[in-house]
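# Chains, contacts and geometry: an overview
Residue strings, one per chain:
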Amino acid sequence: MDRVGIQWIVENVARSVEFYSTKLGFKIDWIGEGPFFAIISRGNFTIMLRELKQGKLSRPNRVPFIQSGWHSDGKEAWDSYVWVENADDLYNEFKKNGVSIIKDIQNTEYGNRDFEIEDLDGYIICFGHSLK
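To start, this report covers the structure provided alongside it. (Residues numbered from 1 in each chain as written. Predicted model: local features only at pLDDT ≥ 70, side-chain atom pairs only at ≥ 80, totals over all residues. Heavy atoms only, no water.)

### Remarks on the overall build of the protein
Each helix and strand counted, the protein has three helices and eight strands in total. In the protein, the succession of α and β elements from N to C terminus is β-α-β-β-β-α-β-α-β-β-β. A compact globule built from 132 residues would reach a C-alpha radius of gyration of about 14 Å, and the protein, at 15 Å, matches this within 12%. Counting the 132 residues in the protein, one finds 42% classified as buried. For the protein, long-range pairs separated by at least 24 residues make up 52% of all intrachain contacts whose partners lie at least 6 apart in sequence. As presented, the protein carries roughly 7,700 Å² of accessible surface, and 49% of it is formed by carbon and sulfur atoms. Side chains of the protein carry 16 positive and 20 negative charges; the gap between the two charge centres is 2 Å. (Helix = DSSP H or I, 4+ residues; strand = E, 2+ residues; numbered from the N terminus. Rg over C-alpha atoms; globule rule 2.2 N^0.38 Å. Buried < 20%, exposed > 50% of the residue type's maximum accessible area, 1.4 Å probe, protein only. Contact = heavy atoms within 4.5 Å. Areas by Shrake-Rupley, 256 points an atom, 1.4 Å probe, with all protein chains shown as cover. Lys, Arg positive; Asp, Glu negative; His and termini not counted. Charge placed at Lys NZ, Arg CZ, Asp CG, Glu CD.)

Pasting the structure below:
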């Protein structure tokens, strides 16, 4: 199975790793010194988290969406869409773990069943599966 990896700038790598591992069930693949860099994964989805010496540099997609007037709240500005086997099971797991769900699970006009969460740095991840 192919793996997909992304890198996000976060304010605090240790705090982000804790969130992803305890709330979202990600496995810790590697943590550097500091820590200023970590690699975490769940299934075939890998996130590289990087903390920079200067703060306030994370830039979730919602920021330019709001600044450009595309959406007033930027909630539909996904930073990543993750294909899963069963979005309902994952949705229930995340709800149980107290994850910030910003769009409840639903069938979409584009033929998927998905939901959206927000992480500690404002990144929005949509998890879904195809209804076809």
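### Considerations on the sheet that holds strand β3 (residues 37-42)
The pairing of strands in a sheet happens through backbone hydrogen bonds and is either parallel or antiparallel. Read from one edge to the other, the open sheet built from four strands follows the order β1-β4-β3-β2, with strand pairing classed as mixed. The outermost strands of the open sheet, each flanked by one partner alone, are β1 (4-10) and β2 (27-31). Here the average twist between neighbouring strands, direction ignored, is 20 degrees. Here β3 pairs with strand β4 (residues 45-51) via six bridges, running antiparallel. For Ile 40, the partnering residue across the bridge sits in β4 and is Ile 47. In the packing of helix α1 (residues 13-22) onto the sheet, the strands contacted are β1, β2, β3 and β4, and the crossing angle to β4 comes to about 155 degrees. (Pairing = 2+ DSSP bridges. Axes fitted to C-alpha atoms, helices over the stretch in contact; angles between N-to-C directions.)

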